[in-house]
Amino acid sequence: MRVLHVIHSLDPRSGGPPEALRQLVRHQVAAGLRPMIATTDIQAMKPWMDQERFLRLFVRRYPLPNEDFLVYKAWGRTGVLRRYGFVPLLVCRLEELMKADNTRPDIVHVHGLFSHLTEATCRVARCLGIPYILRPAGGLNAYSLQVGSLFLKKWMIRISTRKNLMGAFAVQATAESESRWISGSFPGSNIVTIPHGVSVPTPHYLEESRSRFLARFPDLAAAKVVLYMGRFTEKKRPDLVLDAFIRSKLPSQGWVLVMAGDGSMREDLRRSAKGYSKVFFTGFIAGRLKWGAMAAAKVFALPSKDENFGVGVAEAM
């Protein structure tokens, strides 16, 4: 069975959607399916990485041969155009693949909204009679519809997104709350609620990861850790965690705050934490270091304004 996954960006720094897809693809390969991924070269945030290094960063995280990994350059590097990510060559390539008998997918799984790639893929699949599942990834929640490029979102809902939702074999919500948001705004869409699967390492792996994390950050070895792990963006509210920790009695009781992540609020957070020796910034971490931070922590804090699922919360639990 061939499954075509389409996602705007696979930058692991963008949070849950790429990580959820990685876990899904890994298990589909193990189950004998033939997944393929189509995506753009768009990076989620500064600092911009060398493009070759960036591509290596996420391609090596997926157990797929090169021919099943389509990564194309997207045009539009700033503002609304960057979010839209115009990829005409990739859309044409996908249309060729979906028309040919030997590469035609049995089903298409589209992850996310409001980009040229995801919107156009739904249209092509619908025109060719290929069933597709559309996962909004929280993009239709009230908070998401009120932030970012509002004009772009309203315009796309009117000309393409509504059609794509109504024409989908299924619209995948990952929580009942997300399902309610979608059904309230787009009645008649075929919504199914399927939470993300979360893979948790063995106790032995976790202990090794914990040792590796503490070797990297030896000042944390004897401390009790409060962990914030996520993007440094307004939606995730890392400033609330930092302010609450500084104002509390925890720093004088052997506790430290670990801020693991990166994003647009990074410099503001660092300035706010200046002079506080009990606050540590690790930068973006993944793999063993991520699990090591989880294993070393006693408290996980993520006071987001909105989460359609929250992969990090599920992993911490």
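Residues numbered from 1 in each chain as written. Predicted model: local features only at pLDDT ≥ 70, side-chain atom pairs only at ≥ 80, totals over all residues. Heavy atoms only, no water.

## With respect to the overall build of the protein
The test is simple: Secondary structure elements are defined from DSSP: runs of H or I of at least 4 residues count as helices, runs of E of at least 2 residues count as strands, and each element is numbered from the N terminus. All radius of gyration figures rest on C-alpha atoms, and the globule criterion is 2.2 Å times the number of residues raised to 0.38. Buried means the residue's accessible area, taken with a 1.4 Å probe over protein chains only, is under 20% of the maximum for its type, while exposed means over 50%, and partly exposed covers the values in between. A 1.4 Å probe and the Shrake-Rupley method give the accessible areas. Residues count as covered only by the protein chains that appear here. Here Asp and Glu are counted as negative and Lys and Arg as positive; His is not counted, and neither are the chain ends. Charge placement uses NZ in Lys and CZ in Arg. For Asp and Glu, CG and CD serve respectively.
The helix and strand inventory of the protein stands at 13 helices and eleven strands. Its C-alpha atoms give the protein a radius of gyration of 20 Å, near enough to 20 Å, the size a compact globule of 317 residues would have. A principal-axis box enclosing the C-alpha atoms of the protein has dimensions of 65 × 40 × 35 Å. Put simply, the protein has 317 residues, and 48% of those count as buried. Total accessible area on the protein stands at roughly 15500 Å², and carbon and sulfur atoms take up 55% of it. Here the protein carries 45 positive and 26 negative side-chain charges, and the mean point of each set is 3 Å from the other.

## Things to note about the pairing of strand β8 (residues 224–229)
Put simply, the rule reads: Paired strands, as defined in this entry, are two strands with at least two bridges between them according to DSSP. With the strands pointing away from the viewer, any crossover whose connection runs clockwise from the first strand over the helix to the second is right-handed.
Judged by how many residues are buried, β8 sits mostly within the fold: five of six residues are covered. With six bridges connecting them, β8 and strand β9 (residues 255–260) associate as parallel partners. Opposite V225, over in β9, you have V256 as the bridge partner. Once you follow β8 into helix α10 (residues 238–247) and on to β9, the crossover reads as right-handed. Judged from the three bridges that link them, β8 and strand β11 (residues 297–300) form a sheet pairing that is parallel. Among the inter-strand pairings, L227 is bridged to a residue of β11, identified as F300.

## What about the nonpolar core?
Put simply, the test is: Among buried residues, the Ala, Val, Leu, Ile, Met, Phe, Trp, Tyr and Cys ones that are joined through side-chain atoms within 4.5 Å form a nonpolar core. For this analysis, residues touch if any pair of their heavy atoms sits within 4.5 Å.
Of all hydrophobic cores here, the largest spans 36 residues; its most connected members are L4, L94, M98 and V108. Of all the elements in the fold, those that place two or more residues in this core are β1 (2–7), β2 (34–40), α4 (88–99), β4 (107–111), α5 (116–128), β5 (132–135), α7 (150–166) and β6 (170–173). Beyond its immediate sequence surroundings of up to four residues, V108 is in contact with L4, V6, M98, T121, A125, I130, P131, Y132 and I133. Listed in part, the 17 residues of the second largest apolar core include V256, V258, A260 and A293.

## Observations concerning the packing of aromatic side chains
Formally: Working definition: a ring pair exists when centres of Phe, Tyr or Trp rings (six-membered ring for Trp) sit within 6.5 Å. Plane angles under 30 degrees give stacked, over 60 give edge-to-face, the rest tilted. We count a charge as sitting over a ring when the NZ of a lysine or the CZ of an arginine lies within 6 Å of the ring centre and within 35 degrees of the ring normal.
In total, this model carries five aromatic pairs according to the counting rule given. With centroids separated by 5.7 Å and ring planes inclined at 85 degrees, the aromatic side chains of Y62 and F69 adopt a geometry described as edge-to-face. The exposure class of Y62 is buried, given its relative accessible area of 5%. Each ring, one from Y228 and one from F232, has its centre 5.9 Å from the other, and the planes form 35 degrees; the classification is tilted. On the basis of relative accessible area, F232 is assigned to the buried category, the value being 1%. Taken together through their ring pairs, the aromatic side chains of Y228, F232 and F281 make up a single cluster. The ring of W75 carries the charged tip of K73 above its face, separated from the ring centre by 4.9 Å. A cation sits over an aromatic face here: R288 above Y205, 4.2 Å from the ring centre.

## Regarding the sheet that holds strand β7 (residues 191–193)
Worth spelling out the cut-off: Lines fitted to C-alpha atoms define the axes here, with helix axes fitted over just the stretch in contact, and angles between the N-to-C directions of these axes take values from 0 to 180 degrees.
In spatial order, the strands read β3-β2-β1-β4-β5-β6-β7; together these seven strands make up an open sheet with parallel pairing. What marks the edges here is a single partner per strand, and that holds for β3 (69–72) and β7. The sheet shows a mean angle of 20 degrees between the axes of neighbouring strands, direction not considered. Contacting β2 and β3, helix α2 (residues 51–59) runs over the sheet at an angle of about 150 degrees to β3. Here α4 sits on the sheet and contacts β1, β2, β3 and β4; the angle it forms with β3, its principal contact strand, is near 155 degrees.

## Quick word on the side chain of D41
Note the threshold: N or O atoms closer than or at 3.5 Å make up a polar contact, with two conditions inside protein: a donor-capable atom paired with an acceptor-capable one, and, for residues adjacent in sequence, both atoms drawn from side chains.
Note on placement: D41 falls in the loop between β2 and α2. Side-chain polar atoms of D41 contact the backbone nitrogen of A74, separated by 3.0 Å.

## Let's talk about α7
The test is simple: One axis is fitted to the seven residues ending at the residue and one to the seven starting there. The bend at that residue is the angle between these axes.
At I157, α7 shows its maximal bend, which comes to roughly 65 degrees. Residues of α7 that are buried include every one of L152, K153, M156, I157, S160, T161, N164 and L165, and no others.

## With respect to the environment of L57
Along the chain, L57 turns up in helix α2. Taking the C-alpha atoms as reference, L57 lies 29 Å from K305; in sequence the two are 248 residues apart. Non-local contacts of L57, meaning those with residues more than four positions away in its chain, are made with P12 and M49.

## Some words on unusual backbone geometry
Here the phi dihedral of A137 falls at roughly 55 degrees; this positive angle occurs in a residue that is not glycine. Tracing the sequence through the fold places A137 in the loop between β5 and α6 (142–145). Judged by relative accessible area, which is 23%, A137 ranks as partly exposed. Of note, R237 is a non-glycine position whose phi angle comes to about 55 degrees, a positive value. A relative accessible area of 30% places R237 in the partly exposed class.

All quantities given are derived from atomic positions and should not be read as evidence of function.
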